Amino acid sequence: MKKAIVFFVMLIAGLVVTEQAVDILTTRGRGESIYKMGMLIPAQDFYLYLYGSIFLLLGILLILSPLLFKKSFIAKKSGLNARRSVALFLRSFCYFVFMEVAIWLF
């Protein structure tokens, strides 16, 4: 029961962070700064894209983390190698982050 509550809270937090990220990414770079997620973000395009992308990745990670933990729990019960599945997830996530940064920079 406790795991279900923690997973639900992580899902809701992921949705909130993702919504804030979309709001930051759709904000035009005018004015001094904007206040989102308890941070004062400069309102230039580079910083809006940077913080919006970081928050978007963090939100996606929070949304998908219950699935990752659930799979690792299932892997422990079924005898599969949980470390291998977590390593594969982290490798693919790092590749995704690298490609996202490369797209934004070039």
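Residues numbered from 1 in each chain as written. Predicted model: local features only at pLDDT ≥ 70, side-chain atom pairs only at ≥ 80, totals over all residues. Heavy atoms only, no water.

Engineer: I'd like a description of the overall build of the chain, backed by residues and values.
Structural biologist: The helix and strand tally for the chain stands at three helices and two strands. The helix and strand sequence of the chain, counted from the amino end, reads α-β-β-α-α. Buried positions account for 24% of the 106 residues belonging to the chain. Put simply, 54% of the contacts in the chain that link residues at least 6 apart link residues at least 24 apart. Accessible surface, the chain as shown: approximately 8,000 Å² in total, 71% of it carbon and sulfur. (Helix = DSSP H or I, 4+ residues; strand = E, 2+ residues; numbered from the N terminus. Buried < 20%, exposed > 50% of the residue type's maximum accessible area, 1.4 Å probe, protein only. Contact = heavy atoms within 4.5 Å. Areas by Shrake-Rupley, 256 points an atom, 1.4 Å probe, with all protein chains shown as cover.)

Engineer: Go over the nonpolar core with me, naming the residues and quoting the values.
Structural biologist: Val17, Ala21, Ile24, Ile34, Ile41, Leu48 and Phe55 form the largest nonpolar core, which has seven residues in total. Sorting the residues of this core by element identifies helix 1 (2-25) and helix 2 (45-78) as the ones contributing at least two each. For this core, the element with the most residues is helix 1, which contributes three residues. If we skip the residues at most four places from it in the chain, Leu48 touches Ile24, Leu25, Thr27, Arg28, Gly29, Ile34, Ile41, Pro42 and Ala43. (Core = buried A, V, L, I, M, F, W, Y, C linked by side-chain atoms within 4.5 Å.)

Engineer: Outline the pattern of salt bridges, listing residues and values.
Structural biologist: The tally for this structure, following the rule as stated, stands at one salt bridge. In this structure, Lys36 and Asp23 form a salt bridge, with 2.3 Å as the shortest nitrogen-oxygen distance. Of the two residues, Lys36 is situated in strand 1 (residues 33-36) and Asp23 in helix 1; the sequence distance between them amounts to 13 residues. (Salt bridge = Lys/Arg side-chain N within 4 Å of Asp/Glu carboxyl O.)

Engineer: Got a sec to walk through the side chain of Lys36? Specific residues and values, please.
Structural biologist: In terms of polar contacts, Lys36 uses its side chain to reach the side chain of Asp23, at 2.3 Å. Setting aside its immediate chain neighbours within four residues, Lys36 contacts Gln20, Asp23, Ile24 and Ile41. (Polar contact = N/O pair within 3.5 Å; in protein donor to acceptor, adjacent residues only side chain to side chain.)

Engineer: I'd like a description of a nonpolar patch on the surface, backed by residues and values.
Structural biologist: On the surface, Phe8, Leu11, Ile12, Leu15 and Val16 cluster together into a nonpolar patch covering about 440 Å² of accessible area. Mapped onto the elements, Leu11 comes out in helix 1. (Patch = residues over 30% accessible without salt bridge, like charges linked within 9 Å, V, L, I, M, F, W, Y side chains within 5 Å.)

Engineer: Explain the pairing of strand 2 (residues 39-42) residue by residue, including any values.
Structural biologist: Here strand 1 runs beside strand 2; their pairing, made up of four bridges, is antiparallel. Looking across to strand 2, one finds that Lys36 is bridged to Met39. (Pairing = 2+ DSSP bridges.)

Engineer: Run through the packing of aromatic side chains, naming residues and quoting values.
Structural biologist: For the coordinates displayed, the defined rule picks out two aromatic pairs. Each ring, one from Phe46 and one from Tyr47, has its centre 5.3 Å from the other, and the planes form 75°; the classification is edge-to-face. (Phe/Tyr/Trp six-rings, centres within 6.5 Å; stacked < 30°, edge-to-face > 60°.)

Engineer: For the side chain of Ser53, give the residues involved together with the corresponding values.
Structural biologist: Summarising the element assignment, Ser53 is placed in helix 2. Within the structure, the side chain of Ser53 is placed 2.8 Å from the backbone oxygen of Tyr49, a separation counted as a polar contact.

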